[in-house]
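# Residue-level structure breakdown
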Amino acid sequence: MQESSSNGERLSVTVEGDEGSPRLDRVLAARCENLSRSRLKALILAGSVTVKGAPVRDPAYHVASGDSITIDVPEAVPPEPKGEDIALDIVFEDDDIIVLDKPRGLVVHPAAGHETGTLVNALIAHCGDSLSGIGGVKRPGIVHRLDKDTTGLMVVAKNDAAHASLTAQFADHGRTGEMRRGYLAFVWGVPNRQRGTIDAPIDRHPHAREKMAVREGGREAVTHWEIKEVFAGRDGKPVASLLACQLETGRTHQIRVHLAHIGHPLLGDSVYGPHFKTKAGHLGPEAQAALAALGRQALHAYLLALEHPGSGEILHWEADLPEDLLLLEKSLRAAA
């Protein structure tokens, strides 16, 4: 029998007496084909095997027919990420921080399905041992993240002091300090006023665990937005707009969830705006082609301001739209 446990999985075996030997290690080898003999021996020596409810640490212990054996198999420890030669678009770097312009398609840190080819792998190769231990083995130097297909500015800490300072600044989100994060978002439709604030708590979606949702009892989430440009469709009527957004909190998928919540999901967002696919028919032919080629949510982290962890100087960076969003912007304007 197999069941989950807090340490990984728990296997239960009942000795049948026909395993060929009464030795504990050999009985388990005959009954647990998915575990190697060396792995089973290590588990016995570690005290992870019990016979009739009592731990047994001797691989040569003799069991009897009918004995119940339990094996607690700890969850495998994920390997530490390795450095990989991945090009980075570095905007600023000194002994304390790196600011980079993240491209689309780059996952920030290793996770299930993305164990390699991440920003962390690139940073380890770029920085060497200086990132070791900062922010945890799987996320060295990382103090915030962007979704895989969101482009734009990110800052990474290169030492413990910088990590502590940046973590505090991101937690404050500019309420009392100079931290600012600005995003450009191409959305469906046009909000009914020039600017506004979305104050709606965010939590895991109740049914789709890979998604987030506005939910009562979720974590506080506040997004400020302002209309920068309005785009007309083939019929001359407004069909989309460009918003500048600033975060007062930093929840997973926050801008995507919040803008969809007010009825203006991001262009190209297949997770939070799938019901708006028919809207593409209202775009001009160039914009339709640009949107089809985009293949991602139209979101770009264009602005980052913070207090330098070492000098205390207020630093400010802006990143131009990447080529795919520039093409989308140009094509949306062409229909006007």
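My aim in this report is to walk through the structure given alongside it, one point at a time.

What counts, and at which threshold
- Residues numbered from 1 in each chain as written.
- Predicted model: local features only at pLDDT ≥ 70, side-chain atom pairs only at ≥ 80, totals over all residues.
- Heavy atoms only, no water.
- Helix = DSSP H or I, 4+ residues; strand = E, 2+ residues; numbered from the N terminus.
- Rg over C-alpha atoms; globule rule 2.2 N^0.38 Å.
- Buried < 20%, exposed > 50% of the residue type's maximum accessible area, 1.4 Å probe, protein only.
- Contact = heavy atoms within 4.5 Å.
- Lys, Arg positive; Asp, Glu negative; His and termini not counted.
- Charge placed at Lys NZ, Arg CZ, Asp CG, Glu CD.
- Phe/Tyr/Trp six-rings, centres within 6.5 Å; stacked < 30°, edge-to-face > 60°.

### A few points about the overall build of the protein chain
Secondary structure summary: the protein chain contains seven helices and 16 strands in total. Compactness check: the protein chain gives a C-alpha radius of gyration of 27 Å against a globular reference of 20 Å for 336 residues, more than 25% above the reference. In the protein chain, buried positions account for 46% of the 336 residues. Counted over contacts in the protein chain with a minimum sequence separation of 6, partners at least 24 positions apart contribute 65%. Charged side chains in the protein chain number 37 positive and 45 negative. The centres of these two groups are separated by 5 Å.

### Some thoughts on the environment of K277
Following the sequence through the fold, K277 ends up in the loop between helix 5 (254-261) and helix 6 (285-294). Look at K277 and you get exposed, because its relative accessible area is 63%. Placed 89 residues apart in sequence, K277 and W188 show a C-alpha to C-alpha distance of 9.9 Å.

### Side note on the packing of aromatic side chains
Two descriptors summarise a pair of aromatic rings, namely the distance from one centre to the other and the angle between the planes of the rings. Counted according to the given criterion, the structure contains two aromatic pairs. When the ring of F92 is compared with that of W317, the centres are 5.5 Å apart and the planes differ by 50 degrees; the resulting orientation is tilted. Residue F92 is found in strand 6 (residues 90-93), and its partner W317 is found in strand 16 (residues 314-318); the two are separated by 225 residues along the sequence. Classification of F92 by relative accessible area gives partly exposed; the value is 26%. For W317, a relative accessible area of 10% translates into the label buried. When the centroid spacing of 6.2 Å and the interplanar angle of 25 degrees are considered together, the rings of F186 and F231 count as stacked. On the criterion of sequence distance, the pair formed by F186 in strand 9 (residues 180-188) and F231 in strand 13 (residues 222-232) is long-range, its members being 45 residues apart. By relative accessible area, F186 is classed as buried at 0%. The exposure class assigned to F231 is buried, which follows from its relative accessible area of 1%.

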